[in-house]
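Residue-level structure breakdown
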Amino acid sequence: MPGLVGDILGIVLRFLHIVFGVMWIGAVFYGVGVLRVALPRVDMPARKAVLRHLLPVAIHYIPVSAIMTIITGAILYLYLGQFQGVILLGTEWGRILLGALLLTLATFAYGMVIVIGAGKAIARHLEEEEACNHQAEVGALQRRFNVGQIVVLVLGLVIIAIMVYVSEAL
Ligand code: HEM
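Calculation notes
- Residues numbered from 1 in each chain as written.
- Predicted model: local features only at pLDDT ≥ 70, side-chain atom pairs only at ≥ 80, totals over all residues.
- Core = buried A, V, L, I, M, F, W, Y, C linked by C-beta atoms within 7 Å.
- Buried ≥ 20, exposed ≤ 12 C-beta atoms within 10 Å, placed from the backbone.
- Helix = DSSP H or I, 4+ residues; strand = E, 2+ residues; numbered from the N terminus.
- Contact = placed C-beta atoms within 7 Å.
- Near = placed C-beta within 6 Å.
- Nonpolar A, V, L, I, M, F, W, Y, C, P; charged D, E, K, R; others polar.

Next up on the list: the nonpolar core. Within the largest apolar cluster, 15 residues are counted, with the highest numbers of intra-cluster contacts made by Trp24, Val115, Ala118, Ile122 and Phe145. Looking at this core, the elements that each hand over two or more residues are helix 1 (3–38), helix 2 (44–80), helix 4 (92–127) and helix 5 (135–169). Top element by residues in this core is helix 4. It accounts for five residues. Residues contacting alanine 118, with those up to four places away along its chain left out, are Leu141, Arg144, Phe145 and Gly148.

Neighbouring the ligand are 24 residues; Gly21, Gly73, Thr104, Met163 and Ser167 lie closest to it. At the level of elements, helix 1, helix 2, helix 4 and helix 5 are the ones that each hand at least two residues to the shell around the ligand. The residue inventory of the shell around the ligand, partitioned by class, reads 16 nonpolar, seven polar and one charged.

These results come straight from atomic positions and should not be treated as a statement about function.
Now the structure itself:
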């Protein structure tokens, strides 16, 4: 799309894509770097109370920001390739971005199944009244949640590195 409107559209798309990417990977970073370290230091009743309120928000917030990152990234990719297969698949940056899209979709799917799946299961246990005797099960879920978050974070950093590389190549 030539002209001023096209330029503004490109800038708005880039801005939104970077904001949603920061929201997604920033939230995962915060989970790994701050919450994973701080929460085990909180005594159990307070930790349960915090998690009971925190998990439902995180379970909603993170997938939505991930989906918005992917949608804005895919539109930006198509826009930069002028919606033409020869550019999108026939250039090096086009193929790299297609790879980034597939890697991001795989990261999202992994995060949904492993991290969000574990988060939802933990939230269900927290909803149980006082006598939840599933400490071993919840412990395993928490480990799955923590390890899964680290995997998503590492993949997210790889994707950001690809973005930076492509921006230089464009
Ligand atoms: C974890 C997911 C992602 C994150 C955190 C992310 C983040 C970013 C960031 C920070 C930039 C700016 C880089 C720079 O200017 O140096 C960027 C650019 C870009 N991203 Fe993503 N991105 C993600 C996924 C995707 C996906 C799935 C696509 C779709 C193919 C995509 C397509 C693009 C495009 C086309 C640009 C613009 C390059 C340019 O105009 O210079 N991104 N991304």
